[in-house]
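# Chain and residue survey
Now for the letters of each chain:
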Amino acid sequence: MLDLKFVRGNPQKVQDVLTSRGIKYSLKDFIRLDEQRREKLFNVEQMKNRRNVVSEEIGRLKKAGKDVPDMVMEMRDLSRSIKEKDEEIKNVEGRLQEILLDIPNIPHESVPVGKDAADNTVVRKWGKQRNFGFTPRPHWEIGENLDILDFERGGKVTGTRFCFYKGLGARLERALISFMLDLHTGEHGYTEIFPPFMVNRQSMIGTGQLPKFAEDMFKIEGTEYYLIPTAEVPVTNLYGNEILDGGKLPISHCAYSACFRAEAGAAGRDTRGLIRLHQFNKVELVKFCKPGEAYDELEKLTGHAEKVLQLLGLAYQVVVLCTGDLGFSAAKTYDLEVWLPSYSDYKEISSCSNFGDFQARRAGIRYRNNKGKAELVHTLNGSGLAIGRTVAAIIENYQEADGTIIIPEVLRPYMGGLDKIS
RNA sequence: GGAGAGUUGGCCGAGUAGGUUGAAGGCGCUCGCCUGCUAAGCGAGUAUACGGGCAAAACCUGUAUCGAGGGUUCGAAUCCCUCACUCUCCGCCA
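This section reports on the structure supplied with the text. (Residues numbered from 1 in each chain as written. Chains lettered and ligands numbered in written order. Predicted model: local features only at pLDDT ≥ 70, side-chain atom pairs only at ≥ 80, totals over all residues. Heavy atoms only, no water.)

### Some thoughts on the protein's contact with RNA strand B
For RNA strand B, the set of nearby residues contains 28 residues, the closest of which are Arg-8, Arg-37, Asn-49, Arg-76 and Ser-79. Across the atoms of RNA strand B situated within 4 Å of the protein, the share located in sugar and phosphate is 77%. Between RNA strand B and Lys-90, the relevant distance is 2.8 Å, taken from a phosphate oxygen to a side-chain nitrogen or oxygen of the residue. When residues of the surface near RNA strand B are traced back to their parent elements, those giving at least two are helix 1 (4-9), helix 3 (27-63), helix 4 (69-101) and strand 13 (365-368). With 15 residues, the single largest contributor to the surface near RNA strand B is helix 3. Residues of the surface near RNA strand B, tallied by class, amount to eight nonpolar, five polar and 15 charged. (Near = heavy atom within 4 Å. Polar contact = N/O pair within 3.5 Å; in protein donor to acceptor, adjacent residues only side chain to side chain. Helix = DSSP H or I, 4+ residues; strand = E, 2+ residues; numbered from the N terminus. Nonpolar A, V, L, I, M, F, W, Y, C, P; charged D, E, K, R; others polar.)

### Some thoughts on the packing of aromatic side chains
Tallied over the full model, the rule gives ten aromatic pairs. An angle of 70° between the planes, with centres 6.2 Å apart, marks the rings of Phe-179 and Tyr-414 as edge-to-face. Of this pair, Phe-179 sits in helix 7 (residues 168-186) while Tyr-414 sits in the loop between strand 16 (405-406) and strand 17 (420-421), and the two are 235 residues apart along the sequence. Phe-179 gets classed as buried once you look at its relative accessible area, which sits at 6%. Their ring planes at 75° and their centres at 5.3 Å tell us that Phe-213 and Phe-328 sit as a pair that is edge-to-face. Linking Phe-213 in the loop between helix 8 (201-207) and strand 6 (225-227) with Phe-328 in the loop between strand 10 (316-320) and strand 11 (332-340), this pair joins segments that are 115 residues apart in sequence. Note on Phe-213: relative accessible area 26%, which makes it partly exposed. Here the aromatic residues Phe-194, Phe-197 and Tyr-256 are joined through ring pairs into a cluster of three or more. (Phe/Tyr/Trp six-rings, centres within 6.5 Å; stacked < 30°, edge-to-face > 60°. Buried < 20%, exposed > 50% of the residue type's maximum accessible area, 1.4 Å probe, protein only.)

### Looking at the nonpolar core
Core analysis: the largest hydrophobic core is formed by 58 residues, its most contacted members being Leu-176 and Ile-405. If you tally residues by element for this core, the top one is helix 7, at eight residues. Residues within four places of Ile-405 in sequence aside, it is in contact with Ile-142, Leu-146, Ile-148, Ile-394, Ile-395, Tyr-398, Gln-399, Asp-419, Lys-420 and Ile-421. Leu-2, Val-14, Leu-18 and Phe-30 belong to the second-largest nonpolar core, a separate cluster that totals 26 residues. (Core = buried A, V, L, I, M, F, W, Y, C linked by side-chain atoms within 4.5 Å. Contact = heavy atoms within 4.5 Å.)

Below, the structure is given as structure tokens:
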């Protein structure tokens, strides 16, 4: 959420942002509502002031044994009008809030201007695409042949976009989770969190999934709880409505969680394999820092996610998202894309973003600065990494001509010393 | 699921025959004094949000906030209702 005062003071800039993100909404209504609100507020506050003053006087006079029916009558009327005015203000504020909650973040100045994913720019590449001496096969084929992935039974037991991992496949999934968590806690200084996989509505609003993207979410029937689409949601909201000690910043958390996504707008895309499931595992990195540190922290966090790919020996590229492709809450995002032979292309495996104070304002996450003033923190997060897509990348990039899979060196301690899945 | 207790400021904790209590007291923290050092001691200060004034900051001023929302009342932390959460006991359960 943007600062109301900022929008008030920079309507043209905000309007431009909306336009650049393809949102056709005129801020004129908003500005008018805001003016209305302030006028009404000023008005009612004066009335309340009078009520306070007179009520106090009534108390004093009554104590002195005097009866003041005319004053009481006047206050009765005044209170009635106050109640009406308060109602009006509440309505106006509700509408303002609705609009404000649907306005996306402002991209950082370093973000390239562009229309869609085609305008994203590659920042760097790492590793080289393997030269197979045979025709590489997609991971779903290899996985099914080795009996470590079972999509068919996933469909039978639950439905489309669900999958069973089996035997060494399940082991590989678990190994990756442990490997990533160990790396981030041991080498990168993150404190591990194991969060709830369901959150309430307020938390979803805090990180920006709601109210705008309700159709992407699974809601638990009969409750106000939602399945989390990423650990970002519970972990960022961990400090919601708190004022943190500035000396403790930056705070770095990593968290494993299952992630649940409805994939409402993705019908027909990535229908095969592990790439786009309704449920997948992910290790997430989350940071809370002071405003001045955020962009340094973004580079660091991105580097931490890259480190996972490097240690696994997977070729990837780093892409900076252009204004048109940027997520709703983000001010700047780097996507890490891993080389996937079955796609003959790089495919997103991590998304690392700085949200500035956008989420912090929604969730109420502040810290006390060195002047003793409460100030919004800046929040960041990134996948470190998406587990399912990592499994896919390992299967495809480490496959042998005979259909077996070499296990990357760093994972072997987590796989009972095994060096191959066959 | 049944029965009961609770939810006050950064923390602890007062505060019910409704009235000047944003809220006693303590702790913590900040600044100053004092002091070989440290500790102790002394003094002052120490919430947030949203308005108004100011070009703006400082500052001044108003309103709101004692879990959330509603009600009663001239006036509510204090009374009533609903909800959420926490705790205890019972039941159930991994």
